[in-house]
Each structure stands twice: as structure tokens, then as C-alpha cells.
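# Architecture at a glance
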Amino acid sequence: MSAYPNAAATPSPATTASTSTTATTTEDPACAAPLPVLGRDVTVPLVTGGEVTYAALDYAASAPALQRVWDDVAAYAPYYGSVHRGAGYLSQLSTDLFENSRATVAEFLGCRPGDQVVFTRSTTDSLNLLAAVVPADCQVFVFETEHHASLLPWRDARVTYLNAPRTPGEAVATLDRALDGREPGPALVCVTGASNVTGEIWPVRELAAAAHRHGARIVLDAAQLAPHHPVDIAELDVDWVAFSGHKLYAPFGSGVLAGRADWLRAAEPYLAGGGASRKVARRTDGGVDVEWHTTAARHEAGSPNVIGVYAIASACKALQEAGFDTLVAREQRLVARVRAGLADVPEVRVLSLFGDDAPRVGVLSFVVEGWNSSHFAAALSAEYGIGVRDGLFCAHPLVRTLLGSDPQDPGECGAPEAEPGERSLNAIRVSFGAGTPDEHVDRFVGAVRELVREGARWSYRTEEGRCVPDRDGETV
């Protein structure tokens, strides 16, 4: 790892906490234990009295850190140093760890020879980076179903927004028609791997084939797919993949853009500054000449988030060692349990583009007849200790379409100004993953059933756009 002779005694990616890495193995992968995560024993107060272990069912926003990731980071922290900048032991060790983390991520994603792994702050940052390096005359094709992180960055390109498809086949056909009529020149397709609203898995390989058939490139927003399902750049034949650490059980403010190097090398650096530059010299006319790196460093100016990068590498190793077959099998059992439980409550409508048979990750959104979604989510939290999300999930056009309202209507990510009991044009999202215990899913299903049949036990009011328990309230 390092040139120092005793460097083997220092931490290397995903080697510091091997005892807490994997789920308990059984003959049936679906019966495996959840991976250990931080916060699994946290208790929260209930408005009705007492405390309960918190059920974190908002993984689609930010997943809890794997215990393995936390332990790895804690073991490395005393050795922390600024990378690529110093001759000292800690700086050299941190540089080796940083670059080894890049190799770990490349392996996790199945990167091809010549692909680059660029570290960013998040999926949003990764896609804004790609938007900054596309050729000036590039045409971009995006479905309205995208998260805002992949819907909005293409401000300097010619963008075609495609209507929400209702089947995977329709998605491919819609893209085929749009690309068939495009003007000559470079083109880029941006598509999600799994919806952050419905959890449905998109036909990425088929969309990539359609893009390449028409001479276009494709970037995969894998923010919701990578934590739940293997993502292989070469197998999917996509040109780039973007994802965030905080959804991959590594919430330390880092992300990844991985894929083809040519557009990245040809463009000006995303940020100008130290680290992106190889040589800087004054000219005789008083100006400055700069020679930029052609490696991933070209777009990583400034001191990087070493902790965040190392955390992502640790999470990648932990998921690989646990085995995606086991993780997927267990998660699908939880998905089936949630869907069956919600199906038993007629007042609940689960939102879907592709229908009940569509494959999906552990993300489901729904509305409840007669309930303001913010009120329902507030009651789940205050009365049952269950954390879900309500709103439009930074995917406003998609949620509007799924709710049957005009997708052009404006909306807010949080709750609208609607009192408890009033209808609101937003939804409730439950999401879970490798660290979710069965009990949390069972508690959620039971709480939904009880709230619908018996109503809330506490009074609530709207405060600054959110539904909250009334401080002076009482059981009702």
C-alpha cells in the first residue's frame, strides 16, 4: 500500500472491521439477518408516552451508516492527512488510501479499461459535473420521471423531456422515437436505474442499446439502484454511472461519477484550482498559463473529502462481501411483506408506473384516502416511532403524474399548507434496505392499518409547512 515499511499496521479499505461486515448466513438467503447499521438501537419518545426503538424507513433519502463503515472510518481517523500534498507519513498513507478507494469503487462498478472514477460531493454534483463537460452542441434526452438531480442540470444543453412511460417496453420505444428524430451531433440520454418514488427498476440495458443504436451516449443515475442491486458499467453498457455515498450506507458527503474519459478530458475543469492543475506559469504579458491534469484529478480541485471517499470504498466492500444475491433476496421478501400489508388496506393506493409485477427495490410511495399525507407521516413518527418521508420527493413531475394531477403544476418538496384531514397533492414514501430489521417493516404495516381504521390518537397542526403534533394537544 504505502512505501513506508510499517504501513501494513495502518488501516486499508474495508479491512478494519471484518467481524461486523456480513449478515448472518443461512441456507435461505431471504432469511439472512440485516447488516449492522448505526442507530439500530436508538430510542425515540412517543407523544402518547413512553419510548420505542426508532424504525428508520427513509433509506431513499439517506441510509444509515453501516457499522462496518463507521468502524473503518474511526480506525483511519488518527492517520488522516491531506492527500497528494505532502511528503510526510500521514499524507502519503492517506494518498495511498484515497487512490486505493478509487480502485475499489472501479471494481464495485465493473469499470472498463480507460474508465475514470471521479469523486464528487453527491449524485447531484456528479450529474452537474457531467452537464458541465458535455459538448456545447449536445442534445440531452431525459424522462420526466427523473429525480431533480438528473432532470435539472442540463441548463446549457438542448434538452428534450420525454413523457412518463407506463411499461418498460414503452420507455424503450419512446426513447427510440425521440432519438430517431434528433438532429446530427452529440447526444446524451440520462435515465434512472430505480425510481426514488416507486422503486421500480428501469430497463437500463435496453435503453443503453437504444441510445447507442442512434449514436447517443447514456448516463445512469444509480443513486437508488446501487445500494440495492449490483451495478456493472460494462454489463449494462452505459457510458457513465453516478451515485451518492449517503444512500450507499456511507453518509459522509461524497459521491461518484464513473465512466468514459474522453468528454471529461476534453472539457475545462469543473472547478479550477489546486489539484486539477499540473503546471502553472506566468506569461511575459502578465497572464497565467495552466496545464491541467488529464486524469480524474482534472475535476477534483481542492482538498478532497478523504473520509467520504474512504467510507464509500468501505461500503462497496461490505456489500460485495455480504453478497448481493443474499441482500436482494432478503430485501425482496421485505418488499413483498410491505406490499401485501398495504394491499390489505383498501384506503391505501400504492403509486406505480409499470404495474404490480414490475421489479423494484425497497422503495414504495402511496397515498391514503381521507388523509393529508403530511398528517399521516407525522402520526407514524409521533405515535409509532417510524420515520418515513412525505412530499414530492424532488421528483415533482413524476409524482404529479402518478397522482393524476397536472405534471406542470408547481409543487414543493415539503408538505403544502394543508390542515390534517385535508387532501394534499403529495405522497408518503417508505424505503428500506440492507440494515432494516423485519420488526420495523411489521410495525410499519401494523401502524398503517391501525391509523386508517382507528385514526390518529393525538391532535396535529400545520407549522411552517409541516404537520406536527400539537404541543398543547392530547389524545383524541
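Further up the page is the structure itself.
## Considering the overall build of the protein chain
From N to C terminus, the protein chain includes 13 helices and 19 strands. Counting over 476 residues, the protein chain shows a buried share of 55%. A fraction of 71% describes how many contacts in the protein chain between residues 6 or more apart in sequence connect residues 24 or more apart.

## Brief notes about the packing of helix α5 (residues 168-180) against helix α6 (residues 204-213)
At a minimum axis distance of 9 Å, the contact between α5 and α6 shows a crossing angle of 10°. Relative to α6, α5 is oriented roughly parallel. Considering the relative orientation of α5 and α6, their crossing is right-handed. Contacts between α5 and α6 pair Ala171, Val172, Leu175, Asp176 and Leu179 from the former with Glu206, Leu207, Ala210, Ala211 and Arg213 from the latter.

## Considering the sheet that holds strand β8 (residues 217-221)
The seven strands lie next to each other as β4-β10-β9-β8-β7-β5-β6, forming an open sheet whose pairing is mixed. Strands with a single pairing partner mark the edges of an open sheet, and in this sheet they are β4 (116-120) and β6 (158-162). Pairwise comparison of adjacent strand axes, ignoring direction, gives a mean angle of 20° for this sheet. Strand direction decides the pairing type here: strand β9 (residues 240-244) and strand β10 (residues 255-259), joined by five bridges, are antiparallel. Residue pairing across strands places serine 244 opposite glycine 255, the latter belonging to β10.

## Quick notes on empty space enclosed by the protein
The full count for this structure, using the stated rule, is two cavities of 30 Å³ or more. If you add up the space inside the largest cavity, you get close to 60 Å³. Around the largest cavity, the lining residues are Pro227, His228, Tyr249, Leu327, Arg330, Glu331, Gly433 and Ala434. Classifying every residue of the lining of the largest cavity by side-chain character gives four nonpolar, two polar and two charged.

## Let's talk about the nonpolar core
The tendency in soluble globular proteins is for nonpolar side chains to be buried side by side. Membership of the largest hydrophobic core comes to 85 residues, with the highest contact counts inside it found for Leu109 and Phe243. Per element, the largest residue contribution to this core is eleven residues, and it comes from helix α9 (residues 306-322). Those residues within four positions of phenylalanine 243 in sequence are excluded, and the remaining contacts are Val105, Leu109, Ser122, Thr123, Ser126, Ala222, Ala223, Ala226, Leu248, Gly255, Val256 and Ile312. If you look at the next biggest cluster of nonpolar residues, it comprises 35 residues, including Leu334, Ala379, Leu451 and Val452.

## A closer look at helix α13 (residues 438-454)
For α13, which comprises 17 residues, the first-to-last C-alpha distance of 24 Å matches the rise-based estimate of 24 Å (1.5 Å per residue) to within 8%. For α13, the complete set of buried residues consists of His440, Val441, Arg443, Phe444, Val445, Ala447, Val448, Leu451 and Val452. Of the residues one or two after α13, glycine 455 is the one with positive phi, at around 85°.

## Section: the pairing of β4
Of all five residues in β4, five are buried; the element is thus mostly enclosed. Judged by which residues are buried, β4 turns out to be covered on both faces: Gln116, Val118 and Thr120 on one side and Val117 and Phe119 on the other are all buried. Summarising the sheet, β4 and β10 pair through five bridges and their orientation is antiparallel. Bridge pairing links glutamine 116 to glycine 259 in β10.

## Let's talk about the sheet that holds strand β14 (residues 363-368)
Taking strand neighbours across the sheet as the criterion, the four strands line up as β13-β14-β17-β16 in an open arrangement whose pairing is antiparallel. Where the open sheet ends on each side, the last strands, each with one partner, are β13 (348-350) and β16 (389-391). Taking each pair of neighbouring strands and ignoring which way they run, the sheet shows an average axis angle of 30°. Bridge analysis of β13 against β14 gives three bridges, and the strand direction is antiparallel.

## As for unusual backbone geometry
Not every positive phi belongs to a glycine, and tyrosine 249 is a case in point at roughly 70°. Here tyrosine 249 is to be found in the loop between β9 and β10. Within the chain, glutamate 464 stands out as a residue other than glycine whose phi angle is a positive 55°. With respect to the helices, strands and loops of the structure, glutamate 464 is situated in the loop between β18 (460-463) and β19 (466-469). Relative accessible area serves as the criterion here: at 79%, glutamate 464 is assigned to the exposed category.

## Re helix α12 (residues 396-403)
Counting buried residues in α12 gives eight out of eight residues, a clear majority hidden from the surface. Residues of α12 that are buried include every one of His396, Pro397, Leu398, Val399, Arg400, Thr401, Leu402 and Leu403, and no others. The elements touched by buried residues of α12 are α4 (148-151), β13, β14 and β16. Just beyond α12, the residue with positive phi is glycine 404, at close to 80°.

## Re the packing of aromatic side chains
On inspection of all chains with the given rule, the structure shows twelve aromatic pairs. Put simply, the rings of Phe366, Trp371, Phe376 and Phe444 touch in pairs and so form one group of aromatic residues. For arginine 457, the ring lying beneath its charged end belongs to tyrosine 384, and the centroid distance is 5.1 Å.

## Some thoughts on a nonpolar patch on the surface
A surface patch of nonpolar side chains, amounting to about 230 Å² of accessible area, comprises Val280, Val288 and Val290. Within the secondary structure layout, valine 280 lies in strand β11 (residues 277-282). The class of valine 280 is exposed, set by a relative accessible area of 53%.

## A word on the packing of helix α11 (residues 373-384) against α13
Helix-helix packing is characterised by the crossing angle of the two axes and by the distance between the axes. It is at 11 Å that the axes of α11 and α13 come closest, and there the two elements cross at 115°. Crossing handedness for the pair α11 and α13: right-handed. In contact with Phe376, Ala379, Leu380, Glu383 and Tyr384 of α11, α13 contributes Arg443, Phe444, Ala447, Val448, Glu450, Leu451 and Val452. Across the contact of α11 with α13, the residue classes tally to nine nonpolar, no polar and three charged.

Definitions and limits used
Chains are numbered independently. Their residues run from 1 in the order of the written sequence. Local features in this predicted model are restricted to residues whose pLDDT is 70 or higher, and side-chain atom pairs enter the listing and the counts only when it is 80 or higher, whereas totals over whole chains, interfaces and linings include all residues. Side-chain measures here rest on the full set of heavy atoms in the structure, leaving out hydrogens and waters. The secondary structure listing takes helices from DSSP runs of H or I that are at least 4 residues long and strands from runs of E that are at least 2 residues long, numbered from the N terminus. With a 1.4 Å probe rolled over the protein chains alone, any residue whose accessible area is under 20% of its type maximum counts as buried; one over 50% counts as exposed, and the rest are partly exposed. In what follows, residue pairs with any heavy atoms lying within 4.5 Å of each other are defined as contacts. Fitting a line to C-alpha atoms yields each axis, with helices limited to the stretch in contact; the angle taken between N-to-C directions then spans 0 to 180 degrees. For classification purposes, an angle smaller than 35 degrees is called roughly parallel, one larger than 145 roughly antiparallel, one from 65 to 115 roughly perpendicular, and anything else oblique. Definitions for this section: a left-handed crossing has its near helix turned counterclockwise from the far helix by less than a right angle. A right-handed crossing has that turn clockwise. Note on pairing: DSSP must find at least two bridges between two strands before they are called paired. Points on a 1 Å grid over protein atoms alone make up a cavity when a 1.4 Å probe fits among them but cannot get out, and a pocket when they form an open set with protein on both sides within 12 Å along at least five of seven lines; lining residues each have an atom within 4 Å of a point. Grid points are joined across faces, edges and corners, and a volume is the space filled by probe spheres set on the points. Under the scheme applied here, ten amino acids are nonpolar (Ala, Val, Leu, Ile, Met, Phe, Trp, Tyr, Cys and Pro), four are charged (Asp, Glu, Lys and Arg), and all others, including Gly, are polar. Put simply, a nonpolar core is a bunch of buried Ala, Val, Leu, Ile, Met, Phe, Trp, Tyr and Cys residues held in one set by side-chain atoms that sit within 4.5 Å of each other. Each residue after the first adds 1.5 Å to the expected span of a helix. Stacked, edge-to-face and tilted labels apply to pairs of Phe, Tyr and Trp rings (six-membered ring for Trp) whose centres lie within 6.5 Å, assigned for plane angles under 30 degrees, over 60, and everything in between, in that order. Two limits define a charge over a ring: the Lys NZ or Arg CZ must be within 6 Å of the ring centre, and within 35 degrees of the ring normal. Patch definition: residues with relative accessible area over 30% and no salt bridge; like charges joined within 9 Å; nonpolar side chains (Val, Leu, Ile, Met, Phe, Trp, Tyr) joined within 5 Å. Surface exposure here means Shrake-Rupley accessible area, sampled with a 1.4 Å probe, where a residue is shielded only by the protein chains that are shown. Each salt bridge in this description consists of a side-chain nitrogen of Lys or Arg and a carboxyl oxygen of Asp or Glu lying within 4 Å of one another.

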